[in-house]
Amino acid sequence: MVHSKFDIAILGAGGLTGRELLRLLVHHPNFRPVHITSDQYASQTVAEVFSELDGAEYSNLKFSKHSDTIPECLPVFMATPNKESAEIAPKLRQEGRAVVDLSGSFRISNRQVFESVYGFSHPNFDWVKESVFGFPEMFRSEIRSAHTESKILANPGCYPTSVIGALSAIREFLPKTSSIIVDSKSGVSGAGGRVEDAGFSFGGVYENFRAYKVLKHQHEPEIVEHLSRWANFTPDLLFTPHLLPMFRGIFSTIVLIWKETIDSEHLFEEAKQFCNSEPFLRLRNTPEEVQLKNVQYTNFIDIGIGSRGNKTVIVSAIDNLVKGAAGQAIQNMNLMLGLEETAGLI
């Protein structure tokens, strides 16, 4: 295992995901942020913007403008909006950099579907074919070779991570479903906390609960596409997101309706064996044991399974800012650069 040290860049470091990357990288044994960007906070130190990050590690680190030149050869985490990532990520990859993009710009391979759910014409859509979907529990070997093969690493969305993370453990059974119904609930930092929308403000969520983007959320086709690749079938899947009156965490309830009754003990044992082989998947004994408070500020996915007749309920919990964003991005960059997969995360 390589024990190299890497100076790295974070584009869009002034947002929620950028802040989470900085928080996690304080303790990373191999990565040191040396170039971070935010037009809003340019020339300010990390501690001036994020008072909780006032340690010696970042005492001399200041935000640069997005337009400032990135030092040569630095691996890059892109915590930038979709349009900016679509424009910039290919250029950085052509410079020979390892690129982990946390936007949704390189996750969906059907152009018509992409432009329908994201609402803009992708300027570099051919690069989607030169990208790897970065869910290590499914596509670890592709992620390891992404940098050497000059590909962009497309970090998964937070909701897809909570859903495919749970379903990855039962790969053999997935083609036996007749339909999959997903009910996901997110804190505001995952469900829209990065945009100025009164519906996602404290006043909009306090003493309130609602669904949003019903039948039109951009993460549904992402879930369908990559589950299809994993299990070699096209799921009949319905996804509905909801907004929780809390800051961080996603809790998903997934109902699988089987074409015929399955062996629930076999299902649980397959999931147990798979989760035991993965550093960040934890299968609980019952669905009721899965709670958001047990995964907050961690890179874990907690999973619970219960079956009755021709139906199975799987619940999962993640921290949307860690396993659903920054933590998984670090996990992917670790793999791309030949480091210990769990470095800086456990």
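Being a predicted model, the structure only gives us computed values, none of them experimental. Counting restarts for each chain, with residues numbered from 1 along the sequence as it is written. Given that the model is predicted, a residue must reach a pLDDT of at least 70 before its local features are reported, and side-chain atom pairs must reach 80 or more before they are shown or counted; all residues, however, enter totals for whole chains, interfaces and linings. The side-chain values count all of the structure's non-hydrogen atoms but skip hydrogen atoms and water molecules.

Caption draft 1: Here's a closer look at the packing of helix α5 (residues 136–144) against helix α11 (residues 322–336). Remark: α5 packs on α11, axes separated minimally by 9 Å, with the N-to-C direction vectors making an angle of 40°. Of the two elements, α5 crosses α11, and the hand of that crossing is right-handed. In contact with Pro136, Glu137, Arg140, Ile143 and Arg144 of α5, α11 contributes Lys323, Gln328, Gln331, Asn332, Leu335 and Met336. Note on residue categories: nonpolar means Ala, Val, Leu, Ile, Met, Phe, Trp, Tyr, Cys or Pro, charged means Asp, Glu, Lys or Arg, and polar means any other residue, Gly included. Tallied by class, residues from the contact of α5 with α11 come to four nonpolar, three polar and four charged. Axis angles are defined between N-to-C directions and span 0 to 180 degrees, where every axis is a line fitted to C-alpha atoms and, for a helix, only to the segment in contact. The secondary structure listing takes helices from DSSP runs of H or I that are at least 4 residues long and strands from runs of E that are at least 2 residues long, numbered from the N terminus. For any pair of crossing helices, the crossing counts as left-handed if the nearer helix is rotated counterclockwise from the farther one by less than a right angle, and right-handed if it is rotated clockwise. Should any heavy atoms of two residues lie within 4.5 Å, those residues are counted as being in contact.

Caption draft 2: Spatial organisation of the pattern of salt bridges. Take a side-chain nitrogen of Lys or Arg and a carboxyl oxygen of Asp or Glu: if they are within 4 Å of each other, that pair is a salt bridge. According to the stated counting rule, one finds 17 salt bridges in the structure shown. Put simply, Arg140 and Glu341 hold a salt bridge, and the shortest N to O gap is 2.9 Å. With Arg140 in helix α5 and Glu341 in the segment after α11, this residue pair connects regions lying 201 residues apart in the sequence. A simple rule labels every residue: compare its accessible area, found with a 1.4 Å probe on the protein chains alone, to the largest value its type can have, and call it buried under 20%, exposed over 50%, or partly exposed in between. Given the relative accessible area of 17%, Arg140 is considered buried. According to the relative accessible area criterion, Glu341 is buried, its value standing at 9%.

Caption draft 3: Layout of the pairing of strand β10 (residues 237–243). The buried count for β10 comes to six of seven residues, which makes it a mostly enclosed element. DSSP calls a pair of strands paired once it identifies at least 2 bridges connecting them. Where strand β8 (residues 177–186) meets β10, seven bridges bridge the pair, whose relative direction is parallel. Across the sheet, Ser184 pairs through a bridge with Pro241, a residue of β10. Where strand β9 (residues 210–211) and β10 come together, two bridges link them in antiparallel fashion. Along β10, the bridge assignment pairs Ala211 with His242.

Caption draft 4: Layout of unusual backbone geometry. Phi is positive for Ser150, close to 60°, though the residue is something other than glycine. Tracing the backbone through its elements, the reader meets Ser150 in the loop between α5 and β7 (152–154). Relative accessible area serves as the criterion here: at 38%, Ser150 is assigned to the partly exposed category. Phi angles above zero are rare outside glycine, and Asn232 is one such case at about 60°.

Caption draft 5: The nonpolar core, seen in detail. Counting 43 residues, the largest nonpolar core has Leu167, Ile170, Leu174, Ile254, Leu256 and Ile314 as the members making the most contacts within it. Looking at which element gives the most residues to this core, the answer is helix α6 (residues 158–167), with six residues. Not counting residues within four places of it along the chain, the set of residues in contact with Ile254 comprises Ser162, Val163, Ala166, Leu167, Ile180, Ile181, Val182, Thr312, Val313 and Ile314. Of all hydrophobic cores here, the second largest spans 39 residues; its members include Leu61, Phe280, Ala325 and Leu335. Among the buried residues, those of types Ala, Val, Leu, Ile, Met, Phe, Trp, Tyr and Cys that are joined through side-chain atoms within 4.5 Å form a nonpolar core.

Caption draft 6: The sheet that holds strand β12 (residues 281–283), seen in detail. Strand order in the open sheet formed by seven strands is β9-β10-β8-β11-β14-β13-β12, with mixed pairing between adjacent strands. Lying at the two open borders of the sheet, with one neighbouring strand each, are β9 and β12. The pairing of β12 with strand β13 (residues 301–308) spans three bridges and is parallel. Its bridge partner lying in β13, Arg282 is registered against Asp302. Strand contacts of α6: β8, β10, β11 (250–258), β12, β13 and β14 (311–318), with the helix running at about 45° to β11, the strand carrying the most contacts.

Honestly, that's just the spatial picture; any functional story needs more than this.
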